[in-house]
Amino acid sequence: MFSSDSKKFKQSTSMETSTQQNIIAQGTKIVGDIASKGPFRIDGTVEGNVKTTGKVVIGKSGFIKGTLQGENADFEGKFSGKLILSGTLSLKSTAHIEGEVHITKLAVEPGATFNATCSMKGTVKALSNEPTIQKSAQQQTDQKAERQA
């Protein structure tokens, strides 16, 4: 009787925490790694690795030095390190990004600073004129062979 009630309580508690936003307030400094399933808002300083499946928002006074792994991120503050997102990186005009960035989509407002090596993954579309280029290269090869013969 008791064990089944406690299991239900634990499951509902873990589901609630994944939907609530985690906040690191301005004036707070965390040194170390953070892992979460919920969204984050960072207005303080984090030195270390942040890993979450939710969205990360870095406020104007926010600063992350280390690695950030997540789905989507909105930056108004500063970042230095390695940024890995499976979704979109949005940089507001006050954002300052340095380091290595791996993302799917990028949105940058005028005024943002983006000093990073960036690789964007996603679907690669074939160019419509690619077969034409290959034909012309083949034709050039054939013409050279005819001239030499």
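The model shown is predicted, which means the values in this text are computed figures rather than measured ones.

How each quantity is defined
- Residues numbered from 1 in each chain as written.
- Predicted model: local features only at pLDDT ≥ 70, side-chain atom pairs only at ≥ 80, totals over all residues.
- Heavy atoms only, no water.
- Helix = DSSP H or I, 4+ residues; strand = E, 2+ residues; numbered from the N terminus.
- Buried < 20%, exposed > 50% of the residue type's maximum accessible area, 1.4 Å probe, protein only.
- Contact = heavy atoms within 4.5 Å.
- Areas by Shrake-Rupley, 256 points an atom, 1.4 Å probe, with all protein chains shown as cover.
- Core = buried A, V, L, I, M, F, W, Y, C linked by side-chain atoms within 4.5 Å.
- Phe/Tyr/Trp six-rings, centres within 6.5 Å; stacked < 30°, edge-to-face > 60°.

Some words on the overall build of the protein
1) Next: Broken down by element type, the protein carries 2 helices and 13 strands.
2) Next: Per-residue burial over the protein gives 26% buried out of 149 residues.
3) Next: Pairs at least 24 apart in sequence give 2% of the contacts found in the protein among residues at least 6 apart.
4) Next: If you sum the accessible surface of the protein, you get close to 10,000 Å²; carbon and sulfur atoms cover 52% of it.

Notes on the environment of Ala 107
1) Next: For Ala 107, the position within the fold is in strand β12 (residues 105-108).
2) Next: Through-space distance from the C-alpha of Ala 107 to that of Lys 92 is 8.5 Å; in sequence the pair is 15 residues apart.
3) Next: Once residues within four sequence positions are removed from consideration, Ala 107 is found in contact with Leu 89, Ser 90 and Leu 91.

What to know about the nonpolar core
1) Next: Residues Ile 42, Leu 68, Phe 75, Leu 83 and Leu 89 are the most contacted members of the largest nonpolar core, which totals 22 residues.
2) Next: Listed by contribution, the elements that provide at least two residues to this core are β4 (40-42), β5 (45-52), β6 (56-58), β7 (63-70), β8 (73-75), β9 (78-85), β10 (88-91) and β11 (96-103).
3) Next: The residues contacting Leu 68, other than those within four sequence positions of it, are Val 50, Val 56, Phe 75, Phe 79, Lys 82, Leu 83 and Ile 84.

Considering the packing of aromatic side chains
1) Next: Scanning all chains against the criterion turns up 1 aromatic pair.
2) Next: On the basis of an interplanar angle of 70 degrees and a centroid distance of 5.8 Å, the ring pair of Phe 75 and Phe 79 is categorised as edge-to-face. A single burial state applies to Phe 75 and to Phe 79, both of which are buried.

The values reported here are purely geometric and, on their own, carry no functional implication.
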